[in-house]
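# Chain and residue survey
Okay, here's what each chain looks like letter by letter:
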Amino acid sequence: MASVEPSIVDPSLRDQLDIVIPTIRNLDFLEMWRPFFENYHLIIVQDGDPSKTINVPEGFDYELYNRNDINRILGPKASCISFKDSACRCFGYMVSKKKYIFTIDDDCFVAKDPTGKDINALEQHIKNLLTPSSPFFFNTLYDPYREGADFVRGYPFSLREGAPTAVSHGLWLNIPDYDAPTQLVKPAERNKRYVDAVMTIPKGTLFPMCGMNLAFNKDLIGPAMYFGLMGDGQPIGRYDDMWAGWCIKVICDHLGLGVKTGLPYIWHSKASNPFVNLKKEYKGIFWQEEIIPFFQQVVLPKEALTVEQCYLELSKHVKEKLSTIDPYFTKLSEAMVTWIEAWGELNAPDSKAADYKPSRSGTRTAK
Ligand SMILES: O=c1ccn([C@@H]2O[C@H](COP(=O)(O)OP(=O)(O)O[C@H]3O[C@@H](CO)[C@H](O)[C@H]3O)[C@@H](O)[C@H]2O)c(=O)[nH]1
Ligand SMILES: [Mn+2]
């Protein structure tokens, strides 16, 4: 049987995990998650107009950052944080002081499993992150570290210790995360299929990472979880999580880390407007036909041993090889460097910026 991360004392990760929520709407959805979230610290990234007051339901421990906070804390480096796009959520990853991050959209609710039981998505993500991954050899019985499963015959014993898990990618019942063209041709399609499986995405294989139900180990892969330049003033949107997913997967493969997908499910309630989505993502739909081969072929130097070093190497390749598609990629490659610099300022052990304050915060007991 596989080992859980040795350093874990409290498997609930109550004091080692932050929940990051990007929002431009409201946080009423938290009422449904209260039994599962109330013991965790929330980092709310308020997008859009900072003068708008977002109501945070009573009884949660949270810090809330709006655009004024981002500009104050990062100064000129705030230019790397998107505005008017869910990509802004990555600012929450940067300011969190915890080892694990779970990010969820404000239109994602508690789903039920086939027995009708409420799914504690956070608990499942934690299990996924605390058990190893199997990126080097596919286990046909899926997650071998799960209760009641194991490695199948023929699985090399030399590989059964697995790799540290960096990312846990959850899925969605009801509204699936489809691109705009698919949404347009299948407006009524709902995902009713609950697949009871968690699997490691094999080394060398990319995947479309969706940011709406996602958890990761900040210490292992945090600096690569940049959601890019999207939304206001940018030629593309709704490729924030995709970009991050391609970058983290190449780096996880290089560093021998694992990425899991499957359980847990959440209930995605709101279909965003497919016409608005088409306007945001259409360039990405044809650009990605060149971007994917780029990520499939990129080779990171063996001297790149840290996530930051890998990410900076990747930014050079982006500037060199993708700028021919559009000048946007020159800007994006520079923003990747700015992100790493800002990350270092806020996350270095001796960081002076660590005393930054959000514009709003609250504690669970505050009445
Ligand atoms: O300008 C904005 C728009 C939205 N948000 C917040 O981001 C999430 C996701 O928003 P929404 O549910 O409207 O969008 P979806 O199309 O369902 O999201 C999926 O597409 C990806 C696009 O990037 C996204 O990561 C997926 O989850 C909500 O919490 C909004 O409040 C925002 O902050 N700014
Ligand atoms: Mn949504």
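In this text the structure is predicted, and so the values were computed from the model without any measurement.

With that settled, consider the overall build of the chain. Counting its secondary structure elements, the chain contains 10 helices and 10 strands. In terms of overall dimensions, the chain has C-alpha extents of about 60 × 55 × 50 Å along its principal axes. A total of 367 residues make up the chain; the buried ones form 54% of that total. Contacts spanning at least 24 positions in sequence make up 76% of the contacts within the chain whose residues lie at least 6 apart. Carbon and sulfur atoms provide 56% of the accessible area of the chain, an area that totals close to 16300 Å². For the chain, the distance from the average position of its 41 positive side-chain charges to the average position of its 46 negative side-chain charges is 2 Å.

The N-to-C vectors of helix H8 (residues 274–297) and helix H9 (residues 307–322) enclose an angle of 135°; their axes lie 11 Å apart at closest approach. In terms of orientation, H8 and H9 fall into the oblique class. Seen from above, H8 lies across H9 with right-handed handedness. Between H8 and H9, the contacting residues are Glu 290, Ile 291, Phe 294 and Phe 295 on the first element and Leu 314, His 317, Val 318, Lys 321 and Leu 322 on the second.

To continue, consider the coordination of the manganese ion (ligand 2). Asp 107 (OD) and His 268 (NE2) make up the full set of protein donors to the manganese ion (ligand 2), lying at 2.0 to 2.2 Å. Taken together, the positions of Asp 107 in the loop between strand S4 (100–104) and strand S5 (108–109) and His 268 in strand S9 (residues 258–268) put the pair 161 residues apart, joining distant regions of the chain. The exposure class of His 268 is buried, given its relative accessible area of 8%.

Moving on, we come to the pairing of S4. By the criterion of burial, S4 is predominantly enclosed, with five of the five residues buried. Of the strand pairs in this sheet, strand S1 (residues 17–23) and S4 are connected by four bridges, and their pairing is parallel. Residue pairing in the sheet places Val 20 in a bridge with Thr 103 of S4. In this structure, S4 lies alongside strand S8 (residues 213–217), joined through five bridges in antiparallel fashion. Residue pairing for S8: Tyr 100 is matched across the bridge by Asn 217.

Along the chain, Gln 296 turns up in helix H8. In this structure Gln 296 comes out as exposed when scored by relative accessible area, which is 55%. Along the chain, Gln 296 and Asp 49 lie 247 residues apart, while their C-alpha atoms are 39 Å from each other.

Once that is clear, we can look at the UniProt feature "site: Required for activity" (unreviewed entry) in the chain. Residues given the UniProt feature "site: Required for activity" (unreviewed entry) here are Arg 153 and Arg 160. Residues within four places of Arg 160 in sequence aside, it is in contact with Tyr 145, Phe 151, Val 152 and Tyr 155.

So, about the site of ligand 1. Near ligand 1 there are 19 residues, and of these Asp 105, Asp 106, Arg 238, Asp 240 and Ser 272 occur at the shortest range. For ligand 1, an oxygen atom lies 3.3 Å from a polar atom in the side chain of Arg 89. Computed on the free molecule, ligand 1 has an accessible area of 660 Å², of which 91% lies beneath the protein chains in the complex. Among the cavities detected, the one that contains ligand 1 is the largest pocket. Of all the secondary-structure elements, those providing two or more residues to the shell around ligand 1 are S1 and helix H7 (240–255). Looking at side-chain class alone, the shell around ligand 1 contains four nonpolar, four polar and 11 charged residues.

What follows concerns the pattern of salt bridges. If you walk through the whole model with that rule in mind, you get 17 salt bridges. Between Arg 146 and Asp 196 there is a salt bridge, with the nearest N and O atoms lying 2.4 Å from each other. One end of the pair, Arg 146, is in the loop between helix H4 (121–130) and strand S6 (165–174); the other, Asp 196, is in the loop between helix H5 (180–185) and strand S7 (198–200), and 50 residues separate them in sequence. For Arg 146, a relative accessible area of 29% puts it in the partly exposed group. For Asp 196, a relative accessible area of 47% gives the class partly exposed. A salt bridge links Lys 319 to Glu 334; the nearest nitrogen and oxygen atoms lie 2.9 Å apart. Here Glu 334 lies in helix H10 (residues 328–347) and Lys 319 lies in helix H9, a separation of 15 residues in the sequence. One connected set of salt bridges, linked through shared partners, spans Arg 25, Asp 106 and Asp 107.

On to the UniProt feature "glycosylation site" (unreviewed entry) in the chain, then. Listed under "glycosylation site" (unreviewed entry) in the UniProt record, and renumbered for this structure, are Arg 153. Relative to the elements of secondary structure, Arg 153 occurs in the loop between H4 and S6.

So, on to the layout of surface pockets. Space inside the largest pocket adds up to approximately 1200 Å³. Considering the residues around the largest pocket, the lining is formed by 49 residues, among which Ser 86, Asp 177, Arg 238, Ser 272 and Asn 277 are closest to the centre. The element contributing the most residues to the lining of the largest pocket is H8, with nine residues. A per-class count over the lining of the largest pocket returns 20 nonpolar, nine polar and 20 charged.

Reading guide: rules and limits
- Residues numbered from 1 in each chain as written.
- Chains lettered and ligands numbered in written order.
- Predicted model: local features only at pLDDT ≥ 70, side-chain atom pairs only at ≥ 80, totals over all residues.
- Heavy atoms only, no water.
- Helix = DSSP H or I, 4+ residues; strand = E, 2+ residues; numbered from the N terminus.
- Buried < 20%, exposed > 50% of the residue type's maximum accessible area, 1.4 Å probe, protein only.
- Contact = heavy atoms within 4.5 Å.
- Areas by Shrake-Rupley, 256 points an atom, 1.4 Å probe, with all protein chains shown as cover.
- Lys, Arg positive; Asp, Glu negative; His and termini not counted.
- Charge placed at Lys NZ, Arg CZ, Asp CG, Glu CD.
- Axes fitted to C-alpha atoms, helices over the stretch in contact; angles between N-to-C directions.
- Parallel < 35°, antiparallel > 145°, perpendicular 65-115°, else oblique.
- Left-handed = near helix turned anticlockwise from the far one by under 90°.
- Donors = N, O, S within 2.8 Å, 3.2 Å for Na, K, Ca; no water.
- Pairing = 2+ DSSP bridges.
- UniProt positions renumbered as here; feature names shortened; annotations may be inferred.
- Near = heavy atom within 4 Å.
- Polar contact = N/O pair within 3.5 Å; in protein donor to acceptor, adjacent residues only side chain to side chain.
- 1 Å grid on protein atoms, 1.4 Å probe; cavity = no way out; pocket = protein on both sides within 12 Å on 5 of 7 lines; lining within 4 Å.
- Sits in = over half its atoms within 2 Å of the grid points.
- Nonpolar A, V, L, I, M, F, W, Y, C, P; charged D, E, K, R; others polar.
- Salt bridge = Lys/Arg side-chain N within 4 Å of Asp/Glu carboxyl O.
- Points joined across faces, edges and corners; volume = space filled by probe spheres on them.

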